[in-house]
Structure formats: structure tokens, C-alpha cells
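The residues making up each chain are set out below.
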Amino acid sequence: MAVAIEGAEIVREHEGPYTNQITYRQRCDSCGYVPPKPPITVSCLPHGTVMHGPYHVESFVCPFCGNCQEVKIQG
């Protein structure tokens, strides 16, 4: 089960026999802004071997408040 640690809202999750898919939306933790972009899907092998360890990490700049927000999802 995926957990959004910061900067994301999990939309859906699919655990397959060979790969897991996590679909999420970016979210600014500072102001709560959710960009009107389509959800992002990342794939990972069980136990996080394709992601950075057991996590998916990226960052974005919030267009509303200018905060540099990290996205961390534990897969």
C-alpha cells in the first residue's frame, strides 16, 4: 500500500503480480494548492527496487505561493 509522505495525494493504486502502479496528484503542503495537471502515474517493482529505495521522490515549484515542494511517496 502506497503512502503519500509529503507533497502528494494518492488518486489510485494498483498492485500487480510484477509491477505496482501509483497514480497521484501534486499538492503544495504550504498553501494546499493542487495544480490542475492530470494525475501522474509511476511504476515500481515490489519492495521499491525501481524507485529510489522504497520511495518515489521529485520536486516542483508551486505556481501559487512559489514554495519548492518535494513529493515523497512510499511505495
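Our subject in this report is the structure included herewith. (Residues numbered from 1 in each chain as written. Predicted model: local features only at pLDDT ≥ 70, side-chain atom pairs only at ≥ 80, totals over all residues. Heavy atoms only, no water.)

Attention shifts here to the sheet that holds strand β2 (residues 8-15). Strand order in the open sheet made by the three strands is β2-β3-β4, with antiparallel pairing throughout. At either margin of the open sheet sits one strand with a lone partner, and together these are β2 and β4 (40-44). With strand direction ignored, the average angle separating the axes of adjacent strands in the sheet is 25 degrees. Pairing analysis gives seven bridges linking β2 to strand β3 (residues 20-26), with the strands arranged antiparallel. The residue of β3 that forms the bridge with E15 is N20. (Pairing = 2+ DSSP bridges. Helix = DSSP H or I, 4+ residues; strand = E, 2+ residues; numbered from the N terminus. Axes fitted to C-alpha atoms, helices over the stretch in contact; angles between N-to-C directions.)

A few words now on the side chain of N20. Structurally, the position occupied by N20 is in strand β3. At a separation of 3.4 Å, a polar atom in the side chain of N20 contacts the main-chain amide nitrogen of G16. (Polar contact = N/O pair within 3.5 Å; in protein donor to acceptor, adjacent residues only side chain to side chain.)

Next up on the list: the packing of aromatic side chains. Taken as a whole and assessed by the stated rule, the structure comprises one aromatic pair. Between Y33 and F64 the ring centres are 5.8 Å apart and the planes differ by 10 degrees, which places this aromatic pair in the stacked class. With Y33 in the loop between β3 and β4 and F64 in the loop between β5 (55-61) and β6 (68-74), this pair connects stretches of sequence that are 31 residues apart. (Phe/Tyr/Trp six-rings, centres within 6.5 Å; stacked < 30°, edge-to-face > 60°.)

Topologically, E13 is positioned in strand β2. A C-alpha to C-alpha distance of 8.7 Å links E13 and Y24, two positions 11 residues apart in sequence. Excluding residues that lie within four positions of it along the chain, E13 makes contacts with M1, A2 and Q21. (Contact = heavy atoms within 4.5 Å.)

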